[in-house]
Amino acid sequence: MTSSSPTPIPEQAPAPGASTAAPVPPVLAEVVRSGFVEGRHRGSLVVLAADGSVESALGDVAAPVFPRSTNKPMQAAAVLRAGLELSGERLALAAASHSGESFHLDLVRTMLAEHGLTPDHLQTPPDLPLDPEEAESYLAAGRVRDRLAMNCSGKHTAMLAAAARNGWPLASYLDQDHPLQQLVAEGVRAASGEEVAHVGTDGCGAPLLSLSLTGLARSFRHFVLAEPGTPERRVADAMRAHPEYVAGTRRPDTWLMQALPGTLSKMGAEAVQAVALPDGRALAFKIDDGATRTLGPILARMLRRMGVDSPVLARLEDAPLLGGGVRVGEIRAAF
C-alpha cells in the first residue's frame, strides 16, 4: 500500500489593514490537579474606580462581548419604563437567572396568573432547573423539561406582562423590533454609554445586545448610583433586597449580595460576571472559553484587590477538583 502526502491547507491572506496576529488574552485562572497545572483559562477583566474611570484592566476590555444574563438588570428596567408595576421579589425575579427552586417556580406561576397569562405564553425553551440539586429532585418527581422551569422564565413573564399592559403583541415579544425590545436597547445604550455593536439571540430566545466589558461595568455602576425611584435604582434595590430570587440558595450571586449589603452582582452564561459596589466601584470580566467554574475564584481575587474583606470571598474562591471522590486540586485565580 502506498501513502500519498496530505493535501496542504492553503494559507489565506489577511484582509487589507488587518493585523496578522491577534493579541493573546492573559491567563486569569489555572486548573491545578495533584500539584500540576493541567489547564489554563484566558480572558479579560476591568475594574472601575468610584468616579467611573478605568482603574485597572487585563486583556481587551474595549471589544464587544455578549454579556448574556448580565444584561438582565437592563431588561428588567425596561419593563418598568413600559409602565409595568413590579417590586420586591417579583422585580428581582424579572432580573433573575433563577435556580428553579420551588419558591422561584411558584412565584413565576403567580406572576403569570396576576397578569392574565399562562405558561403557554412563555417562549422560553423547555428546560430543567438550573441548579443541579433541583434538577435531580425535579426529575425524581417524574417531571419533564418545561418552559416554566427554564432559568429565564421570570424575565419572560415580566416581558409578557409589560406587553399585555400596553396592548403590544404577545406572540412577537422577543422580536428585535418589538416596542419592549426597543426599550431594552435604549436602556442598554443609556446605562453603558456606548452603542450596541452586535445583536444576537440569547439562550432563552431574547435579543442579545453586545457591550464591551468596560460598558458592562459602567452599566452596573449606573444602576447602584441611580437616583431612588428611577427604574434602574428600583431594579438594583430589588435585586439586593431579594438576592435569593436573582439566583438561588446555592448560588454565588446570592451569597455575595447577602454578605456585602449594597452590592449588585449578576453572572451570565459563557463565564461573564459583573459586580458593582455601593460606592460606585465596579468590575466585569469574561473567560474566553466560557468556563463558569472559574467565576468564583476570579471574582474573589478581584474583590480582594479592590480592598473587600469578607468571609464570603473564601466561599466564592473554593473551587475544588476531585479525584476518586476526594479533593486533589483546585481552580485558582492566576493574576
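Residues numbered from 1 in each chain as written. Predicted model: local features only at pLDDT ≥ 70, side-chain atom pairs only at ≥ 80, totals over all residues. Heavy atoms only, no water.

Draft legend 1. Expanded view of the pairing of strand β1 (residues 27–33). Where burial is concerned, most of β1 is hidden: six out of the seven residues are buried. In the sheet, β1 pairs with strand β2 (residues 36–48) via six bridges, with the strands oriented antiparallel. Note on β2: the bridge partner recorded for Val 27 is Arg 42. In sequence, β1 turns back onto β2 through a hairpin of two residues, with Ser 34 there showing a positive phi of about 55 degrees. (Buried < 20%, exposed > 50% of the residue type's maximum accessible area, 1.4 Å probe, protein only. Helix = DSSP H or I, 4+ residues; strand = E, 2+ residues; numbered from the N terminus. Pairing = 2+ DSSP bridges.)

Draft legend 2. Local environment of the pairing of strand β11 (residues 320–323). Bridge analysis of β11 against strand β12 (residues 326–333) gives four bridges, and the strand direction is antiparallel. Residue pairing across strands places Gly 323 opposite Val 326, the latter belonging to β12. In textbook terms, the turn of a hairpin is the stretch between consecutive antiparallel strands, and for β11 and β12 this stretch comprises two residues, one of which, Gly 324, has a positive phi near 65 degrees.

Draft legend 3. Main features of the layout of surface pockets. One number sums up the size of the largest pocket: a volume of about 830 Å³. What lines the largest pocket is a set of 40 residues, among which Arg 251, Pro 252, Met 267, Thr 292 and Leu 295 lie closest to the centre. The element that contributes the greatest number of residues to the lining of the largest pocket is helix α11 (residues 295–305), accounting for four residues. For the lining of the largest pocket, the residue count by class is 21 nonpolar, eight polar and 11 charged. Empty space within the second largest pocket amounts to approximately 190 Å³. Lining the second largest pocket are Pro 23, Val 24, Pro 25, Ser 44, Gly 59, Asp 60, Ala 63, Val 65, Leu 213, Lys 286 and Asp 288. Looking at side-chain class alone, the lining of the second largest pocket contains six nonpolar, two polar and three charged residues. (1 Å grid on protein atoms, 1.4 Å probe; cavity = no way out; pocket = protein on both sides within 12 Å on 5 of 7 lines; lining within 4 Å. Points joined across faces, edges and corners; volume = space filled by probe spheres on them. Nonpolar A, V, L, I, M, F, W, Y, C, P; charged D, E, K, R; others polar.)

Draft legend 4. Representation of helix α8 (residues 231–241). Among all positions in α8, only Pro 231, Glu 232, Val 235, Ala 236, Ala 238, Met 239 and Arg 240 are buried. As for α8, its buried residues are in contact with α1 (72–81), α2 (88–94), α7 (213–225), α9 (243–246), α10 (252–259) and β8 (264–268). (Contact = heavy atoms within 4.5 Å.)

Draft legend 5. The side chain of Ser 212, seen in detail. As for its placement among the helices and strands, Ser 212 is situated in strand β7 (residues 211–212). When residues no more than four places from it in sequence are discounted, the contact partners of Ser 212 are Val 61, Ala 62, Ala 63, Pro 64 and Glu 194.

Draft legend 6. Local environment of the pattern of salt bridges. Tallied over the full model, the rule gives 18 salt bridges. The partner of Glu 30 in a salt bridge is Arg 332, with the nearest N and O atoms 2.9 Å apart. With Glu 30 in strand β1 and Arg 332 in strand β12, this pair connects stretches of sequence that are 302 residues apart. With a relative accessible area of 17%, Glu 30 lands in the buried category. For Arg 332, a relative accessible area of 33% puts it in the partly exposed group. The residue Glu 330 makes a salt bridge to Arg 327 at a minimum N-O spacing of 3.8 Å. (Salt bridge = Lys/Arg side-chain N within 4 Å of Asp/Glu carboxyl O.)

Draft legend 7. Broad picture of the nonpolar core. Grouped together as the largest cluster of nonpolar side chains are 65 residues, with contacts concentrated most on Val 79, Leu 86, Leu 91, Leu 216, Phe 223, Val 235 and Leu 264. Once residues lying within four places of it in the same chain are set aside, the contact partners of Phe 223 are Pro 73, Met 74, Ala 77, Ala 191, Glu 232, Arg 233, Val 235, Ala 236 and Leu 264. Counting residues in each nonpolar core, the second largest holds 31 residues, with Leu 45, Ala 300, Val 312 and Phe 335 among its members. (Core = buried A, V, L, I, M, F, W, Y, C linked by side-chain atoms within 4.5 Å.)

Draft legend 8. Region of the structure containing the packing of α1 against α8. Between α1 and α8, whose axes approach to 9 Å, the crossing angle comes to 125 degrees. Taken together, the axes of α1 and α8 lie oblique to each other. Here the hand of the crossing between α1 and α8 comes out right-handed. Where α1 approaches α8, its residues Pro 73, Ala 76, Ala 77, Leu 80 and Arg 81 are matched on the opposing element by Pro 231, Glu 232, Arg 234, Val 235 and Met 239. Residues of the contact of α1 with α8, tallied by class, amount to seven nonpolar, no polar and three charged. (Axes fitted to C-alpha atoms, helices over the stretch in contact; angles between N-to-C directions. Parallel < 35°, antiparallel > 145°, perpendicular 65-115°, else oblique. Left-handed = near helix turned anticlockwise from the far one by under 90°.)

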